[in-house]
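Descriptive structure summary
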Amino acid sequence: MALRTILTDGDPALTKKCHPVTQFDQKLWDLLDDMRETLTNANGAGLAAPQVGILRRVVLVVIGEDEMVELVNPEIVAQEGEQDGFEGCLSVPGLWGQVKRPMWVKVRAQDRHGSYFEREGSEMTARCFCHELAHLDGQLYTQLCDRLLTTEELDELLEEEGEA
């Protein structure tokens, strides 16, 4: 396993549509293992392959406190409700934006061996599924929000809301 460099906003790889995975082999397994190590090291909630410069439809999403799910060729097959919340991104360090996402999402994907499975999640997990899958189509959350906030501005806003 190896840490990979996380690309940041402005890198052209982040705006490209990714290709489906067709070979479930050691090369894919190495990518998934490297992405797992990179995501753990960065302490993020999710990571998509284009964020490490690989234009393949592969994402990892952290669920709860200790589970990381690997999604190969994922697609959203159902969604319900709506939530509005703040998002950040490892490729847009230090900035946050408010984004509308579904409250509940069901994703169909393949595992590292090519077997299909479905996974669903609500609230933060649904948000992460949507955020990471958007990366596969070259979309950053910054395209979906009206205003970006620094970490300090977000902290101030949340403190003001807590006092209100």
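Read on for an overview of the structure.

What counts and how
- Residues numbered from 1 in each chain as written.
- Predicted model: local features only at pLDDT ≥ 70, side-chain atom pairs only at ≥ 80, totals over all residues.
- Heavy atoms only, no water.
- Helix = DSSP H or I, 4+ residues; strand = E, 2+ residues; numbered from the N terminus.
- Expected span 1.5 Å × (residues − 1).
- Contact = heavy atoms within 4.5 Å.
- Pairing = 2+ DSSP bridges.
- Buried < 20%, exposed > 50% of the residue type's maximum accessible area, 1.4 Å probe, protein only.
- Core = buried A, V, L, I, M, F, W, Y, C linked by side-chain atoms within 4.5 Å.
- Axes fitted to C-alpha atoms, helices over the stretch in contact; angles between N-to-C directions.

Focus on helix 1 (residues 26-42)
- Over its 17 residues, helix 1 runs 24 Å from end to end, which matches the ideal 24 Å to within 8%, given 1.5 Å per residue.
- Buried residues along helix 1 sit in contact with strand 1 (46-48), strand 2 (58-63) and strand 3 (67-80).
- Positive phi appears at N43, one or two residues downstream of helix 1, with a value of about 60 degrees.

Some thoughts on the pairing of strand 3
- Judged from the six bridges that link them, strand 2 and strand 3 form a sheet pairing that is antiparallel. By the bridge assignment, V61 is partnered in strand 3 with V69.
- Connecting the antiparallel pair strand 2 and strand 3 is a turn made up of three residues, with G64 showing a positive phi of about 65 degrees.
- Bridge count for strand 3 against strand 6 (residues 104-110) is six bridges, and the pairing is antiparallel. Bridged to E75 within strand 6 is R108.

A short note on the environment of D111
- Relative to the helices and strands, D111 is located in the loop between strand 6 and strand 7 (116-122).
- Exposure remark for D111: the relative accessible area of 25% places this residue in the partly exposed category.
- Sequence separation between D111 and L71 is 40 residues; the distance between their C-alpha atoms is 6.1 Å.
- Setting aside residues no more than four positions away along its own chain, D111 makes contact with F24, V72 and F117.

A closer look at the nonpolar core
- In terms of nonpolar packing, the biggest core is built from 16 residues, with V59, V61, V69, L71, V105 and F129 touching the most fellow members.
- Put simply, the parts of the chain that give this core at least two residues each are strand 2, strand 3, strand 6 and helix 2 (124-135).
- Setting aside anything within four residues of it in sequence, one finds F129 in contact with V61, I63, V69, L71, V105, V107, R119, E120 and G121.
- Ranked by size, the runner-up nonpolar core spans 13 residues in total, among them L32, M35, A49 and V52.

Some remarks on the sheet that holds strand 2
- The five strands lie next to each other as 1-2-3-6-7, forming an open sheet whose pairing is antiparallel. The open sheet is flanked by strand 1 and strand 7, the only strands paired with a single partner. Strand-to-strand, the axes of this sheet are offset by a mean angle of 40 degrees, without reference to chain direction.
- The sheet contact formed by strand 6 and strand 7 spans seven bridges and is antiparallel. Along strand 7, the bridge assignment pairs K106 with E120.
- Helix-sheet contacts for helix 1 involve strand 1, strand 2 and strand 3, and the interaxial angle to strand 2 is about 40 degrees.

Quick look at the sheet that holds strand 4 (residues 83-89)
- Pairing is antiparallel in the open sheet, where three strands are placed in the order 4-5-8. Only two strands of the sheet have a single neighbouring strand rather than two, namely strand 4 and strand 8 (148-150). Direction aside, neighbouring strands of the sheet carry axes that sit 30 degrees apart on average.
- Relative to strand 4, helix 2 is tilted by about 55 degrees, and along the sheet it contacts strand 4 and strand 5 (92-101).
- This element, helix 3 (residues 151-163), spans strand 4, strand 5 and strand 8 of the sheet and lies at about 95 degrees to strand 8.

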